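Per-entry structural report
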Amino acid sequence: MPDTIKPTGELTLRTLAMPADANPAGDIFGGWVMSQMDLASGIRAAERARCRVVTAAVKEMAFELPVKIGDTMSIYTEITRVGRTSITLTVEAWAQRSRYDALEKVTAGTFIMVAMDEHGKPTPISKA
């Protein structure tokens with residue numbers, strides 16, 4: 001991977017990949033990585049919507065590299081669209097390798113979050 005490739009978006013979440021998150025081969029489960037991306041999407045979308053949000057869809061996600069025990073996961077988010085009740089984000093997961101000084105993109109995806117009111121119904125998002 002060329003050194004010129006950098007994360008896109010805002011650093012939204014950092015966490016450590018632990019042994020409980022791994023399969024017997026020492027690779028972190030893809031579902032764990034995806035859940036970290038979902039958490040970051042929820043944080044960023046809720047800050048923008050200023051209310052509770054839920055995940056409506058995840059699109060275009062492919063795992064490029066494995067995550068290993070001890071890697072620090074950094075999740076970057078970028079809001080690409082704000083609709084009437086939804087927010088679309090591009091989300092990237094990067095691993096800071098514990099064994100050597102490298103930051104590698106492991107996966108990316110498009111997450112669509114929907115703003116919800118206190119009754120659990122979609123609610124309009126303010127323009128600002």
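Refer to the structure printed above.
Bear in mind that the values here come from a model prediction, so they are computed numbers and not experimental data.

Thresholds applied
- Residues numbered from 1 in each chain as written.
- Predicted model: local features only at pLDDT ≥ 70, side-chain atom pairs only at ≥ 80, totals over all residues.
- Heavy atoms only, no water.
- Helix = DSSP H or I, 4+ residues; strand = E, 2+ residues; numbered from the N terminus.
- Rg over C-alpha atoms; globule rule 2.2 N^0.38 Å.
- Buried < 20%, exposed > 50% of the residue type's maximum accessible area, 1.4 Å probe, protein only.
- Lys, Arg positive; Asp, Glu negative; His and termini not counted.
- Charge placed at Lys NZ, Arg CZ, Asp CG, Glu CD.
- Core = buried A, V, L, I, M, F, W, Y, C linked by side-chain atoms within 4.5 Å.
- Polar contact = N/O pair within 3.5 Å; in protein donor to acceptor, adjacent residues only side chain to side chain.
- Contact = heavy atoms within 4.5 Å.
- Patch = residues over 30% accessible without salt bridge, like charges linked within 9 Å, V, L, I, M, F, W, Y side chains within 5 Å.
- Areas by Shrake-Rupley, 256 points an atom, 1.4 Å probe, with all protein chains shown as cover.
- Salt bridge = Lys/Arg side-chain N within 4 Å of Asp/Glu carboxyl O.

What follows is about the overall build of the protein. Summing up its helical and strand segments, the protein has one helix and five strands in all. Listing the helices and strands of the protein from first to last along the sequence gives β-α-β-β-β-β. Taking 128 residues into account, the globule formula puts the C-alpha radius of gyration at 14 Å, and the protein, at 16 Å, falls close to it. In terms of overall dimensions, the protein has a C-alpha envelope of 45 × 35 × 20 Å along the principal axes. Within the span of the protein, comprising 128 residues, buried residues form 43% of the whole. Distance between charge centres in the protein, computed from 15 positive and 15 negative side chains, equals 7 Å.

We now examine the nonpolar core. If you look at the biggest cluster of nonpolar residues, it comprises 24 residues, and the most contacted ones within it are Ile28, Val33, Met37, Val67, Met73, Ile75 and Ala93. Counting residues per element, this core draws most heavily on helix α1 (residues 30-49), which supplies six residues.

To continue, consider the side chain of Thr12. Within the fold, Thr12 resides in strand β1 (residues 10-16). According to the relative accessible area criterion, Thr12 is buried, its value standing at 18%. Within the local environment of Thr12, its side chain forms a polar contact with the backbone oxygen of Glu10, the two atoms lying 2.9 Å apart. Engagement of the side chain of Thr12 in a polar contact is seen with the side chain of Thr77, the distance being 2.6 Å. In contact with Thr12, other than residues within four places in its own chain, are Ala40, Ile43, Arg44, Ile75 and Thr77.

Turning our attention to a nonpolar patch on the surface. A grouping of Met34, Val58 and Phe63 is seen on the molecular surface, where their side chains present a nonpolar patch of about 240 Å² in accessible area. Mapped onto the secondary structure, Met34 falls in helix α1. When its relative accessible area of 32% is taken as the criterion, Met34 is described as partly exposed.

In this section: the environment of Lys127. Along the chain, the position of Lys127 falls in the segment after β5 (103-116). By relative accessible area, Lys127 is classed as exposed at 78%. A C-alpha to C-alpha distance of 20 Å links Lys127 and Thr90, two positions 37 residues apart in sequence.

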